[in-house]
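# Chain and residue survey
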Amino acid sequence: MSVLHIVDVFARQKYAGNQLAVVESGGALSDAEMQAVADEMNYSETTFVESRESPYRVRIFTPEAEVPFAGHPTLGTAHVIREQIADGRPDEVALDLNVGEVPVGLRTIDGNETLWMTQQPPAFGETLDHEPLAEVLGLPVEKLDADWPVQVVSTGLPTIIVPLTDREALEGIDLDRAAYERVTGDRDAKLVHAVCPDPREAANDMAVRMFSPYYGVPEDPATGSANGCLAAWLARHAYFGSGSVDVRVEQGFEMGRPSILHLQATDRGDAVDVEVGGQVVDVARGELL
């Protein structure tokens, strides 16, 4: 029997944030079976916990394919391990993902338990012309902020960071699938992360949207991996005037799944330290038949 958990990640209450299915599989499911379950669940990702000892072996599947790393599945799975599998609700849980070992720790922010992951050191890739990404997002090129680079960044899952001028541009995105295929087709980067410094809520610093049709995710309500790449990008380019970043990001509002992500990063010159945090809320528990 495989126990199934459903949680909402980067959520302040149930039925917000990004949904995640976590399966305690114990390694009993084949690759094909895990992919079929992920397709059946049809969430952005479904995870499978294959061991009950630290570091906990975890695999991550989208409806289309297995991925080496993703942020909200890392936090959501760590929450389930901490609450249901590990002894004594430890303050830190180590996950053995395909990208490597990722530690997840507990902190309290504004009285709320918040889980934080330390992501892999970011790799900064190529910069891209603004015009092709404007076509991908269905926006006039002047809606991309010419003061900042469009760049591929990866902390395990390569992401194209696209800076926009304002929230009007963010809300006006109309993804052009043909243009998306032209830009991503010969690149490892399949995530397009549009960002702007114009949030709805005064407590937040940025508003973002993430698109990845390649992985069967037309739009994602909260993306820990892409926002980890964003944190690294913000620090490396001193977007807020400093190589140290501590910001709140809102995502998923356009989808009716409001999400809040906490980003911290420090550019040390030879590397950038990246952490991403958020709350996790239990929604349901059952079993696979």
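Everything below is about the structure shown above.
Residues numbered from 1 in each chain as written. Predicted model: local features only at pLDDT ≥ 70, side-chain atom pairs only at ≥ 80, totals over all residues. Heavy atoms only, no water.

### What about the environment of Gly 256?
Note that Gly 256 resides in the loop between β15 (244–251) and β16 (259–267). Remark: the alpha-carbon pair of Gly 256 and Gly 241, spanning 15 residues in sequence, is separated by 32 Å. (Helix = DSSP H or I, 4+ residues; strand = E, 2+ residues; numbered from the N terminus.)

### Some remarks on the state of the cysteines
When the sulfur atoms of two cysteines share a covalent bond, that bond is a disulfide. Applying the stated criterion across every chain, the model contains 0 disulfides. A disulfide-free cysteine, Cys 196 has its sulfur positioned 18 Å from the sulfur of Cys 229, the nearest such atom. Owing to a relative accessible area of 0%, Cys 196 belongs among the buried residues under this scheme. On the basis of relative accessible area, Cys 229 is assigned to the buried category, the value being 0%. (Disulfide = S-S within 2.5 Å. Buried < 20%, exposed > 50% of the residue type's maximum accessible area, 1.4 Å probe, protein only.)

### Comments concerning helix α5 (residues 177–184)
For the α-helix, the turn length of 3.6 residues means that residues three or four positions removed from each other point alike. Taken together, the buried positions of α5 are Ala 179, Tyr 180, Val 183 and Thr 184. The buried side chains of α5 occupy one side of the element, clustering within an arc of 120 degrees when seen end-on. Where α5 is buried, its residues contact β9 (123–128), α3 (130–137), β11 (159–163), β12 (191–196) and β13 (206–212). (Arc of directions from axis to C-beta. Contact = heavy atoms within 4.5 Å.)

### Some thoughts on the packing of α3 against α5
At a minimum axis separation of 7 Å, α3 and α5 run at an interaxial angle of 145 degrees. For the crossing formed where α3 meets α5, the hand is left-handed. Taking contact as the criterion, the partners of Pro 132, Leu 133, Glu 135 and Val 136 in α3 are, on α5, Ala 179, Tyr 180, Arg 182 and Val 183. A per-class count over the contact of α3 with α5 returns 6 nonpolar, no polar and 2 charged. (Axes fitted to C-alpha atoms, helices over the stretch in contact; angles between N-to-C directions. Left-handed = near helix turned anticlockwise from the far one by under 90°. Nonpolar A, V, L, I, M, F, W, Y, C, P; charged D, E, K, R; others polar.)

Taken by themselves, the reported measurements are silent on function.
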